[in-house]
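Architecture at a glance
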Amino acid sequence: MICVLLLWPATTYASGETVEKVTVKVMAAEPPPERIAKRMNNSVATVGEQMLTGRTLEDVKGNQAGYEKLIREIFDRVLVGYSVENVIITPGETTNIVVSITPWGDVVRDVALEIEVNGLSPELTAIIKKDIGKIDDQVSNVLVGLPVDAVDWAGGVSKTVIREMLADKLPEFRSNLEITTGQHTLVKVSLIPQGPLITDVNLSLRSRTIPNILLAEAKPAAQEAANMLRGLPVAFVERHKDYFTNTITTAAANHPIAKQYGLTLAPVINPGSETSIVLNAETNKYKISLEGSLDIGRDEDNASAKLHVGKYFNKRDEAFMEVRFIPSSVSWKFEPGWAHKFTETTFAGVRYNFTDDQSILWLNHYVGSNWTIRLERTPETNYNEFGVKYKMHEFLSAEYVITKKENWLRLVANL
């Protein structure tokens, strides 16, 4: 129990002097948490201002005992968990009110915080807890020191404070709180996703250096990792894009196909209600592709199949052989060649067509993940071919081809 005893010398006040301002100090042997103490001070100040502001100092001094008793009775009812031991008013233009309180029984000694996120994997829960950081320390600052019986009374303040902290650190989730009081208080926080959520995830694997059909073997592992995005807020995935990119990359990289061909994997995640993920898989050891094409708007040799087999000697130079089969004339074309990578998106080189005894100069430039610009020139015949290709799917592309004499649309199946 604590008592505050203050002695004033006899004081006289000029006639007409009134109380202009009220200040409050709440004192306790077991100081309440800072935020709760602030609320107590504000509550006492509100009552004190309504009761005393504007009254003459003579009136306050003459009825001081009555005012002190009234404030004590009000706060004995309001401050559940505390006994108001003493109220002392010091009259003046700025009147001071000191309220001495004592907690009932036990006080909260420590607080345990339990985070629940239904339906999320332990890995995602760990990311959320990392976002939250040291919030358990802040929760303790709100509750430790409160009388156990006062936790319910202060629960509104506590929950508001905790929700504000969570909203700041984890804006993509709303929180429900349940507080189990005791000397060892337990705070359970249930997090619920809010805002636009991811309802579907579409994953495609693409490569310029190995057949897409080989990548299909690694797709289930990558798809399983990508499925963790379902049900998450779009904004949360956007904020943690690096984490999800690394997770999907790791899942695909652990597949035997990735290890066998030394694949470098680079997912591109486009978060949205229907999230699309393009997993680019390239190798600096080989370049193997198999494709079939059908030309629409071209009369001769409008269908073909092509096999490309190449070997990198370093990260920029490739020696290759292309074999092309044309069904309409039942003919074969063998074209060995060399390619050089100038940048990550620009390649150029030369092929030699044994069948026609011609050299072909070529350049490919990739624009983003879906567009390719192609230019070929045959010096012996002064023939130029320009193409713009769009990849519609990992197994299908469309290219518009322009030459001096004719133009056509080419559909390319990428196996």
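Please read all numbers here as calculations on a predicted model, not as lab measurements.

Before going further, it helps to spend a moment on the overall build of the protein. Counting secondary structure elements, the protein contains 11 helices and 19 strands. Taken against the 2.2 N^0.38 rule, which gives 22 Å for 415 residues, the C-alpha radius of gyration of the protein at 38 Å runs more than 25% over that of a compact globule. If one aligns the C-alpha atoms of the protein with their principal axes, the spans along those axes are about 120 × 45 × 35 Å. The 415 residues of the protein split such that 43% are buried. In the protein, 44 positive and 51 negative side-chain charges are present, and the distance between their average locations comes to 4 Å.

Time to look at the pattern of salt bridges. Under the defined criterion, the tally for this structure stands at 17 salt bridges. Between R351 and E322 there is a salt bridge, with its nearest N and O atoms 3.7 Å apart. In this pair, R351 sits in strand β14 (residues 346-353) while E322 sits in strand β12 (residues 317-326), placing the two residues 29 residues apart along the sequence. Look at E322 and you get buried, because its relative accessible area is 9%. Close ionic contact of E385 with R374 constitutes a salt bridge, the shortest N to O distance being 2.9 Å. One end of the pair, E385, is in strand β17 (residues 383-393); the other, R374, is in strand β16 (residues 371-378), with 11 residues separating them in the sequence. Connected through salt bridges with shared partners, the residues D295, R298, E322, E335, R351, R374, E376, E385, E399 and R410 form a single ionic network.

On to the packing of helix α1 (residues 34-52) against helix α3 (residues 64-78). For the pair α1 and α3, interaxial distance at closest approach is 11 Å and the crossing angle is 145 degrees. Here α1 and α3 pass one another in a crossing that is right-handed. In this structure, α1 uses S43, V44, V47, M51 and L52 to contact α3, whose residues at the interface are Y67, L70, I71, I74 and F75.

Ordered by their spatial adjacency, 10 strands build a closed barrel running β10-β11-β12-β13-β14-β15-β16-β17-β18-β19, and the pairing between neighbours is antiparallel. Taking each pair of neighbouring strands and ignoring which way they run, the sheet shows an average axis angle of 25 degrees.

Taking 1.5 Å of rise per residue, 19 residues should cover 27 Å, and α1 covers 26 Å from first to last C-alpha, within 8% of that figure. Listing the buried residues of α1 in full gives I36, A37, M40, V44, A45, V47, G48, M51 and L52. Downstream of α1 by a residue or two, G54 has a phi angle that is positive, lying close to 90 degrees.

Excluding glycine, a negative phi dihedral is what most residues carry, and trans is how most peptide bonds are arranged. One non-glycine residue, V330, lies in positive phi territory at about 45 degrees. By the secondary structure assignment, V330 is in the loop between β12 and β13 (331-341). The exposure class of V330 is exposed, given its relative accessible area of 60%. At N382, a position not held by glycine, the phi torsion is positive, near 55 degrees. With respect to the helices and strands, the residue N382 is situated in the loop between β16 and β17.

Our next topic: a negative patch on the surface. Together, D299, E300, D301 and E406 line one region of the surface with negative charge. Tracing the backbone shows D301 in the loop between β10 (286-296) and β11 (303-312).

The share of residues in the protein with pLDDT of 70 or more is 94%, and the mean pLDDT across the chain is 85. Predicted confidence is poor over residues 1-13, with pLDDT under 50, and the contacts of this stretch with residues over four places away or in other chains come to 23 contacts.

Two aromatic rings, taken as a pair, are described by how far apart their centres are and by the angle between their planes. All chains considered together, the criterion is met by 7 aromatic pairs. When the centroid spacing of 5.2 Å and the interplanar angle of 75 degrees are considered together, the rings of Y243 and F244 count as edge-to-face. Assessed through its relative accessible area of 1%, F244 is described here as buried. Seen from their ring centres, F347 and Y366 are 5.7 Å apart, and the 85 degrees between their planes marks the pair as edge-to-face. A residue pair is termed long-range when its members are at least 10 positions apart, and F347 in strand β14 and Y366 in strand β15 (residues 358-367) qualify at 19 residues. Taking relative accessible area as the criterion, Y366 reaches 12% and is therefore assigned buried. An aromatic cluster of at least three residues, connected via ring pairs, comprises F173, F236, Y243 and F244. Across from the ring centre of Y366, 3.5 Å away, lies the NZ or CZ of R208, which sits over that ring. Above the plane of the ring of F347 lies K287, whose end atom (NZ or CZ) is 5.7 Å from the centre.

Here is what the cut-offs are and how they apply
- Residues numbered from 1 in each chain as written.
- Predicted model: local features only at pLDDT ≥ 70, side-chain atom pairs only at ≥ 80, totals over all residues.
- Heavy atoms only, no water.
- Helix = DSSP H or I, 4+ residues; strand = E, 2+ residues; numbered from the N terminus.
- Rg over C-alpha atoms; globule rule 2.2 N^0.38 Å.
- Buried < 20%, exposed > 50% of the residue type's maximum accessible area, 1.4 Å probe, protein only.
- Lys, Arg positive; Asp, Glu negative; His and termini not counted.
- Charge placed at Lys NZ, Arg CZ, Asp CG, Glu CD.
- Salt bridge = Lys/Arg side-chain N within 4 Å of Asp/Glu carboxyl O.
- Axes fitted to C-alpha atoms, helices over the stretch in contact; angles between N-to-C directions.
- Left-handed = near helix turned anticlockwise from the far one by under 90°.
- Contact = heavy atoms within 4.5 Å.
- Pairing = 2+ DSSP bridges.
- Expected span 1.5 Å × (residues − 1).
- Patch = residues over 30% accessible without salt bridge, like charges linked within 9 Å, V, L, I, M, F, W, Y side chains within 5 Å.
- Areas by Shrake-Rupley, 256 points an atom, 1.4 Å probe, with all protein chains shown as cover.
- pLDDT = per-residue confidence, 0-100.
- Phe/Tyr/Trp six-rings, centres within 6.5 Å; stacked < 30°, edge-to-face > 60°.
- Lys NZ or Arg CZ within 6 Å of the ring centre and 35° of its normal.

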